[in-house]
Amino acid sequence: MKIAPSVLNAPIENIKDWIKGLDDAYMLHLDIMDGHFVPNLSFGIEIAKTYKRLSDVPLDVHLMTTHPLQWIHQFKVIKPQFITLHVEAKDVEKSIETIKKEDIGVGLAVKPNTPIDVILPYLNQVDLVLIMTVEPGFGGQSFMIDMLKKVEQLQSYKEKYHFIIQVDGGINDDTIKLCEVAGIDVAVVGSHLFKQENMKLWLQNHQ
Ligand code: DX5
Ligand code: ZN
């Protein structure tokens, strides 16, 4: 399984000290919040550009925003590997189209209370499906084990369509094992990773 570290709760004041420890990560996961789709704010394009400057690891933009289109136009300039918007957001079709036109991978995310069926009509258009394993908005929450049922449902569509499955929220040394068993492709890991004394070693041991 691949790991995408989430820098949401990372200690930004000494970014240069830890960013190299993430060099072996599959992607750097950037959580973008608008204070409306979720009751929190994170950071914007200027900080995202700083991550791009300081690291060669591909970027993975997770938009937790009501109007993804305006954020896609901002974030496309950093050429992330993926831009993921929520299926519960506005203008889903148009957003998918816009990301594709930029030759950026398209991700579609689903909140815990949204059934996976809502994603199915888009499976032929997306490169990644993100199953939220916590309520989006904050790091450090507990993994919602029930979400693995959604993963199981999705796995059966992989023969027909080409997409990878990502989970986000509450991953630690125990829940990561469940993700491996469930055949998840990419796990986003935030607070647990940043608690490690040696993040490089933890990444080596888990991907
Ligand atoms: C939650 C974010 C996650 C978060 C994960 O809204 O999408 O990416 O940073 O953090 P942990 O691993 O602490 O749950
Ligand atoms: Zn995220």
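Residues numbered from 1 in each chain as written. Chains lettered and ligands numbered in written order. Predicted model: local features only at pLDDT ≥ 70, side-chain atom pairs only at ≥ 80, totals over all residues. Heavy atoms only, no water.

Focus: the nonpolar core
What counts here: Residues grouped as a nonpolar core are buried Ala, Val, Leu, Ile, Met, Phe, Trp, Tyr and Cys residues, joined through side-chain atoms within 4.5 Å. Exposed residues in this analysis have more than 50% of their type's maximum accessible area, buried residues have under 20%, and partly exposed residues fall in between, with area computed by a 1.4 Å probe over protein chains only. Here, two residues are considered to be in contact whenever any of their heavy atoms come within 4.5 Å of each other.
Val7, Trp18, Leu30, Tyr51, Phe75 and Ile131 are the most contacted members of the largest nonpolar core, which has 59 residues in total. Those residues within four positions of tryptophan 18 in sequence are excluded, and the remaining contacts are Val7, Ala10, Pro11, Tyr51, Phe194 and Met199. Formed by 10 residues, the second largest nonpolar core is a distinct cluster that contains Ala4, Met27, Val186 and Val188.

Remarks on the site of ligand 1
Our working definition: We call a residue near a molecule or strand whenever a single non-hydrogen atom of that residue lies within 4 Å of it. The term polar contact refers here to a pair of N or O atoms within 3.5 Å; inside protein, the definition further demands a hydrogen-donor-capable atom paired with an acceptor-capable atom, and it admits residues adjacent in sequence only when both atoms are side-chain atoms. Secondary structure elements are defined from DSSP: runs of H or I of at least 4 residues count as helices, runs of E of at least 2 residues count as strands, and each element is numbered from the N terminus. Three classes are used: nonpolar for Ala, Val, Leu, Ile, Met, Phe, Trp, Tyr, Cys and Pro, charged for Asp, Glu, Lys and Arg, and polar for all others, with Gly counted as polar.
What surrounds ligand 1 is a group of 19 residues, the closest being Ser6, Asp31, Gly137, Asp168 and Ser191. In this structure, an oxygen atom belonging to ligand 1 sits 3.4 Å away from a side-chain N or O atom of histidine 62. The separation between an oxygen atom of ligand 1 and a polar main-chain atom of glycine 190 is 2.8 Å. Listed by contribution, the elements that provide at least two residues to the shell around ligand 1 are β2 (28-33), β3 (59-64) and β8 (186-189). Its residues placed into classes, the shell around ligand 1 shows seven nonpolar, 10 polar and two charged.

Side note on the side chain of threonine 98
Inspection of the secondary structure puts threonine 98 in helix α4 (residues 92-101). Look at threonine 98 and you get buried, because its relative accessible area is 9%.

Quick look at the coordination of the zinc ion (ligand 2)
Under the convention used in this document: Only N, O and S atoms count as donors, using a 2.8 Å limit from the metal and a wider 3.2 Å limit for Na, K and Ca, and since water is excluded some coordination spheres may look unfilled. Any coordination sphere not matching a tetrahedral pattern (four donors, all angles between 85 and 135 degrees) or a square planar or octahedral pattern (four or six donors, opposite donors over 155 degrees apart, other angles between 65 and 115) is reported as irregular.
The zinc ion (ligand 2) binds to the protein through His29 (NE2), Asp31 (OD), His62 (ND1) and Asp168 (OD), with metal-donor distances spanning 2.0 to 2.3 Å. Here the zinc ion (ligand 2) is ringed by six donor atoms whose angles at the metal span 68 to 166°, and the overall shape comes out octahedral. Look at where the donors of the zinc ion (ligand 2) fall in the sequence and you get H-x1-D-x30-H-x105-D. Here aspartate 31 is found in strand β2, whereas its partner aspartate 168 is found in strand β7 (residues 164-168), with 137 residues between them in sequence. What makes aspartate 168 buried here is its relative accessible area of 7%.

Side note on the packing of helix α3 (residues 68-75) against α4
The criterion, for reference: Lines fitted to C-alpha atoms define the axes here, with helix axes fitted over just the stretch in contact, and angles between the N-to-C directions of these axes take values from 0 to 180 degrees. The scheme is simple: roughly parallel for angles under 35 degrees, roughly antiparallel for over 145, roughly perpendicular for 65 to 115, oblique for anything else.
Packing of α3 against α4 leaves a shortest axis separation of 9 Å and a crossing angle of 10°. The orientation of α3 relative to α4 falls into the category roughly parallel. Residue-level inspection shows Pro68, Leu69, Ile72 and His73 of α3 in contact with α4, the latter providing Lys94, Ser95, Thr98 and Ile99. Looking at the contact of α3 with α4 residue by residue, the classes come out as four nonpolar, three polar and one charged.

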